[in-house]
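# Summary of the model geometry
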Amino acid sequence: ESEIASIQTENDSLAAAIATPNVIGNRIREVRGDGNRQYLTGLRMSGRNVVILIDASGSMLARNIIDIFRLRNMDQATQLAAKKWNQAVNTVDWLTAQLEPGTNIQIIAFNEIAWTVVNNDISSWLAINNGDSLDQAVDSLRNTIPSGGTSLHAAFNSLRDLNPKPDNVYLLVDGLPTLGELPARSLGISGRERLEIFSRAVRQAPLNVPINIILYPMEGDPQAAPAYWLLALNTGGSMIAPSEDWP
């Protein structure tokens, strides 16, 4: 009975430490979900200069090719409501809610090109001291319709002019790139070619910077998971493949 009481006391102490007002009060924004689910993700929102890269290509509309083609031919409201795209945007919402005041952030969407959603200058940082600018960035993503191909070259090249360089990168993506440095010569592209494009694009990533991968499902791309896992491993980052109800 004494041991049980001791364990219960320790458990209560740990639970209280997790939800202390000081910890919650340091957060810039709050994201409320359904119920009280909590997940052990392995992602660490650390660093003073944080970049979130989000894939906004057409494949982010759905998990399979047929549904992607179907949604591409529907009205804009239906495309904006696509479950997979909204999960990615909700992930950005969740990630930004973990940041501490004073963090420099850049949120970059990419398909065939890359663009910022937090300010007009993709080469500069936004110092966040309140949640207003982040709310605007998330709203901008919610009004973005995924389209076009996927260029990791565009994504990683967009980080080159940031000064100081990022010390943590979060890459939200659903598969290997379909576009390289140059326009495609044909409409089709093989899995091997996509892997080669991926390998070349990775060389453009900033050195000695952890790249954390959040990989969404996409049919017909079996080489994506091991390729991105190695990228996370080699850079000191982490990789998760989230469930449909996360975050």
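Below or above, wherever it landed, is the structure these notes cover. Here the structure is a predicted model, which means the values were calculated and not measured.

Rules behind the numbers
Note on numbering: residues in each chain are counted from 1, in written sequence order. Only residues with pLDDT of 70 or above have their local features reported here, since the model is predicted, and side-chain atom pairs are shown and tallied only from 80 upward, although totals for entire chains, interfaces and linings are computed over all residues. Hydrogens are left out, water is left out, and the side-chain values use all remaining heavy atoms of the structure. To qualify as a nonpolar core, a set must consist of buried Ala, Val, Leu, Ile, Met, Phe, Trp, Tyr and Cys residues joined through side-chain atoms within 4.5 Å. Burial classification: accessible surface area is computed with a 1.4 Å probe over protein chains only, and a residue below 20% of its type maximum counts as buried, one above 50% as exposed, and the rest as partly exposed. Strands are runs of DSSP state E lasting at least 2 residues, helices are runs of H or I lasting at least 4, and numbering of each runs from the N terminus. Contacts are assigned to residue pairs that have any heavy atoms within 4.5 Å of one another. Only the contacting stretch of a helix is used when fitting its axis, a line to C-alpha atoms as for every element, and angles between N-to-C directions run 0 to 180 degrees. Any angle between 65 and 115 degrees counts as roughly perpendicular, while under 35 counts as roughly parallel, over 145 as roughly antiparallel, and the rest as oblique. When residue character is reported, Ala, Val, Leu, Ile, Met, Phe, Trp, Tyr, Cys and Pro are called nonpolar, Asp, Glu, Lys and Arg charged, and the others, Gly included, polar. One less than the number of residues in a helix, times 1.5 Å, gives the span that helix is expected to have. Working note: the arc is built from the helix axis to C-beta atom directions. A patch consists of residues exposed above 30% relative accessible area that lack any salt bridge, with like charges linked at up to 9 Å and nonpolar side chains (Val, Leu, Ile, Met, Phe, Trp, Tyr) linked at up to 5 Å. Working definition of accessibility: Shrake-Rupley area with a 1.4 Å probe, residue cover restricted to the visible protein chains. What counts as a salt bridge is simple: a side-chain nitrogen of Lys or Arg found within 4 Å of a carboxyl oxygen of Asp or Glu.

Next up on the list: the nonpolar core. In this structure, Trp85, Ile107, Leu141 and Leu172 are the most contacted members of the largest nonpolar core, which totals 36 residues. Broken down by secondary-structure element, the contributors of at least two residues to this core are strand 1 (49–55), helix 3 (65–72), helix 5 (83–97), strand 2 (104–110), helix 6 (132–142) and strand 5 (168–173). No other element matches the five residues that helix 5 contributes to this core. Residues in contact with isoleucine 107, not counting those within four places in the same chain, are Ile52, Val92, Thr96, Trp115, Thr116, Val117, Val118, Leu134, Ala137 and Leu141. Counting residues in each nonpolar core, the second largest holds 26 residues, with Phe110, Ile213, Leu215 and Tyr228 among its members.

At a minimum axis separation of 10 Å, helix 5 and helix 6 run at an interaxial angle of 170°. As far as their axial angle goes, helix 6 and helix 5 are roughly antiparallel. Together, Trp85, Asn86, Val89, Asn90, Val92, Asp93 and Thr96 of helix 5 and Leu134, Val138, Leu141 and Arg142 of helix 6 make up the contact between the two elements. Tallied by class, residues from the contact of helix 5 with helix 6 come to six nonpolar, three polar and two charged.

Turning our attention to helix 9 (residues 224–235). Its twelve residues place the ends of helix 9 17 Å apart at the C-alpha level, agreeing with the 16 Å of an ideal helix rising 1.5 Å per residue. Turning to helix 9, its buried residues are Ala224, Ala227, Tyr228, Leu231 and Ala232. Projected down its long axis, helix 9 carries its buried residues within an arc of 135°, all on one side. Summarising the contacts, the buried residues of helix 9 are in contact with helix 7 (152–157), strand 5, helix 8 (191–202), strand 6 (211–215) and strand 7 (239–240). Glycine 236 occupies a position one or two residues after helix 9 and carries a positive phi of about 85°.

As a further point, take a nonpolar patch on the surface. Side chains of Trp229, Leu230 and Leu233 sit close together on the surface and give an oily, nonpolar patch of about 320 Å² of accessible area. Positionally, tryptophan 229 belongs in helix 9.

This paragraph deals with the pattern of salt bridges. This structure, assessed with the given rule, holds eight salt bridges. Here aspartate 67 and arginine 70 are joined by a salt bridge, their closest N and O atoms 3.5 Å apart. Within this pair, aspartate 67 and its partner arginine 70 are both found in helix 3, separated by three residues, close to a single helical turn. In this structure, arginine 200 and glutamate 181 form a salt bridge, with 3.1 Å as the shortest nitrogen-oxygen distance.

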